[in-house]
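The lines below spell out each chain.
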Amino acid sequence: MKAAGIIKKTAGYVLLSAAGIIMLYPMLWLVGASFKSNDEIFSSAWFIPHDLELSVYVRAWRTVTPYTMGHYFLNTFGIIIPRMVFSVFSSVLTAYGFARFEFPLKRFFFSLLMCSMFMPAIVKIMPMYMLWGRRGLLDSYIPLTLPALLAGEGSFVLMIIQFLRGVPKEFDEAARIDGCNTIQVLFYILIPCIKPVIATICIFTFLWTMNEFIEPLIMISSVRKYPLSLILRLSADSTGDGYEQRKIIAMSVIGLIPSIAVFAAAQRKFVSGITAGGLTG
Amino acid sequence: MKSNIKYTNPVGVSRYTGLLLILPFIIGSLVLTMYPFAASFIFGMTDSRSGEMVFTGLGNYRSLLSDPDFIDSALVTLKYAAILVPLKLAVSLFIALLLSIELRGIGVWRTIFYIPSILGSGLAVMIMWQFLFTSGGLVNQLLVLCGLSPVSWYGDSRYSIYIIVLLRLWESGSAMLIFLNALKGIPREYYEAAKVDGCGNIRGFFRITLPLIRNAVFLNLVLQTISALQEFSAPYMLTGGGPMKSTYTVGMLIYNEMFRFGDTGYANAVSWGLFVVITAAVAVLFRLTGRLSEEI
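Every chain begins its residue count from 1, and numbering advances along the sequence as written. In the order they appear in the text, chains get letters beginning with A and ligands get numbers beginning with 1. In keeping with the model being predicted, local features are shown solely for residues with a pLDDT of at least 70 and side-chain atom pairs are shown and tallied solely at 80 or more, while totals for entire chains, interfaces and linings include all residues. Values reported for side chains reflect all heavy atoms of the structure, with hydrogen atoms and water molecules removed beforehand.

A helix here means a DSSP run of H or I that spans at least four residues, while a strand means a run of E at least two residues long, and both kinds are numbered starting from the N terminus. Of the regular secondary structure elements, chain A holds 14 helices and 0 strands. Counting from the amino terminus, helix and strand elements in chain A follow one another as α-α-α-α-α-α-α-α-α-α-α-α-α-α. The quantity called the radius of gyration is restricted to C-alpha atoms. Its globule counterpart is 2.2 Å times the number of residues to the power 0.38. At 24 Å, chain A has a C-alpha radius of gyration far larger than the 19 Å of a compact globule built from 281 residues. Burial status across chain A gives 53% buried among its 281 residues. Across chain A, every contact between residues at least 6 apart in sequence was considered, and the portion connecting residues at least 24 apart equals 71%. The charge count treats Lys and Arg as positive and Asp and Glu as negative. His and the chain ends do not count. Each charge is placed at NZ for Lys, CZ for Arg, CG for Asp and CD for Glu. Taking the average place of the 24 positive charges on the side chains of chain A and the average place of its 16 negative ones, the gap between the two points comes to 6 Å. A 1.4 Å probe rolled over the protein chains alone gives each residue an accessible area, and that area as a share of the maximum for its type sets the label: buried under 20%, exposed over 50%, partly exposed in between. We call two residues in contact whenever any of their non-hydrogen atoms come within 4.5 Å of each other.

Written out as structure tokens, the structure reads:
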């Protein structure tokens, strides 16, 4: 009985390690390749480079445009921060309404919420492009940030609803007896209880916006306003034969750092948050 | 999510308070869901190639069915989904099963498997992937190490789709988490009881595990099918739809019609067609799995 358990565990570790290496090796290779010459990149599968020449990162930081990567980081944060604030504000209000109140057409709106989650993004994007175009708002960050103010992310709302259901309604009632109104109940009683899920929403917004590609590609046209993802694409496109491959690889590594840092810092909260909400990446 | 419990509003709260609170969502569903839904159907009935919008009725929708470009890209997309979705479910369930064994440091492992999904469809990952599959790239070097002949991933229309399939498989983390969460909900006593009755690991998996996590299987099936049918960014970045349109998905077709050929009307018609296909796929999945779970 005990021997069988040990065998099972050993097999588990072996399989996990094999799968884990497959998951991580491409990233190790990427970091290593940022120090390699073109020849070395395509001749060696081993990730450790011959020598560490850090100057490639200085060149990568300068990008292929007149702006540095710092500029594009700031652009990206200029999209992320309003998005976070807007998403939290609109999702919390909407979830509060659904979780704590009865109102006409509640079922209808709730099914609408579920439907909006299954609506293919690609169907939305073109009419939205034309809508923003007619308002003259293309090539600004408004198409990328304003939808967050309208509870555009159904999964966030669902996640908060689930958390709110875990907060006893007696809390609200006690607060009301003490004289709190609807908004005060939300701010003084409920929001302190759902801080973890608010953090999860912020982290998700951060990571998704860092990765986001299609929307900025379509909405933003001037290089000065590009977020990080588009500048990587621009650089990847301008690499021809004989181009220094490690420079674009180094840019990718720099581009991955913020996401990995945020994920590493928030890992525990994050994973438990998603499993609670059934969210996907 | 069933709301069987009828909440009543607190004393003195109007029945419209809730409506007021969800106002951002109501405006949002008008602007972000209903408007695009209706608009893309209507734009799909126009032709703006000449510079001004001309109403053409159902012309675009009719030509969809006879347009070889659309039929080919639909077949590519279906083939891609048919390869990817079962593989992704299998891989993520396998990893979730491994992670559900009680081992030390399980949090670290869970993080390792989730990282690729976090970095997900980011451009940096795409660039990395592009390098891995070049003719002298890591994947071919590994094939040679294993004594196999290298493959021209970008040049051979038989293999090009697997560049994208493998990328999405590498990002199985979110599906894995959904499975892991469901597996945690199965009481251990079930397996112990089954063991007493002489039920082995493999039979236990099919008789106990799978039936009990069928909701998670279904959720993953739906989510993965939806995202596979919409695939755009990976072919756009990695293969450009080639070679010989072997990775030219419907998403690529929509983007090209709209932004390269300037055929807004047709692009909208295609994206509406895609929406109908996705809805139909989800409906079929609902029926199929509904029947399956009854049988079990």
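Turning to helix α9 (residues 173-184) of chain B, a few remarks are in order. All names here are of chain B. A helix is expected to span 1.5 Å for every residue after the first. Between its first and last C-alpha, α9 extends 16 Å over 12 residues, near the 16 Å set by a 1.5 Å rise per residue. Of all 12 residues making up α9, 9 are buried, and the element is well covered by its neighbours. Taken together, the buried positions of α9 are occupied by G173, S174, A175, M176, L177, I178, F179, L180 and L183.

Another aspect to go through is the domain arrangement of chain A. Residue and element names in this part refer to chain A. Source of the domain bounds: an automatic or database domain assignment. Domain boundaries in chain A define domain 1 (2-59) and domain 2 (63-277). Centre-to-centre separation of domain 1 and domain 2, based on C-alpha positions: 31 Å. Across the boundary between the two partners, domain 1 contributes 13 residues, which contact 13 residues of domain 2. At the boundary of domain 1 with domain 2, total buried surface from both sides reaches about 1100 Å², with 66% on carbon and sulfur atoms. Any pair of nitrogen or oxygen atoms within 3.5 Å is treated as a polar contact; in protein, a donor-acceptor pairing is required on top of that, and neighbouring residues in sequence qualify only through side-chain atoms on both sides. The tally of links between domain 1 and domain 2 comes to 1 residue pair in polar contact (both at pLDDT 80 or more). Residues that form the side of domain 1 that touches domain 2 fall into these classes: 7 nonpolar, 3 polar and 3 charged. Here the buried area means the combined drop in accessible surface, using a 1.4 Å probe, for two parts upon being joined, counting both sides. For this classification, Asp, Glu, Lys and Arg are treated as charged, while Ala, Val, Leu, Ile, Met, Phe, Trp, Tyr, Cys and Pro are nonpolar and the rest, including Gly, are polar.

Right, let's get into the confidence of the model for chain B. Low pLDDT marks stretches whose predicted atomic positions should not be read closely. All names here are of chain B. For every residue, the predictor reports its confidence as pLDDT, a number between 0 and 100. Mean pLDDT over chain B stands at 84; residues scoring 70 or higher make up 94%. Below pLDDT 50 for its whole length, residues 1-5 participates in 5 contacts with residues either more than four positions away or in separate chains. Among the prediction metrics, the complex's ipTM stands at 0.81, with pTM recorded as 0.84.

Across soluble globular proteins, you tend to see nonpolar side chains buried next to one another. Ranked by size, the top nonpolar core spans 181 residues in total, and within it F98 of chain A together with F113 and W129 of chain B carry the most contacts. No fewer than three residues from each of domain 1 (2-59) and domain 2 (63-277) of chain A sit in this core. Apart from residues no more than four positions distant in its own chain, F98 of chain A is found in contact with F103, K106, F109, F110, L113, V157 and I161 of chain A together with I22 and F25 of chain B. To define a nonpolar core, start from buried Ala, Val, Leu, Ile, Met, Phe, Trp, Tyr and Cys residues and group those joined through side-chain atoms within 4.5 Å.

A word on the pattern of salt bridges. Residues and elements named next belong to chain B. By convention in these notes, a salt bridge is any Lys or Arg side-chain nitrogen within 4 Å of a carboxyl oxygen on Asp or Glu. What the rule picks out here adds up to 8 salt bridges over all chains. Residue R158 pairs with D156 through a salt bridge whose shortest N-O separation is 2.9 Å. Between E171 and R168 there is a salt bridge, with its nearest N and O atoms 3.0 Å apart. By relative accessible area, which is 10% here, R168 ends up buried. The network of salt bridges with shared partners includes R168, E171 and E231.

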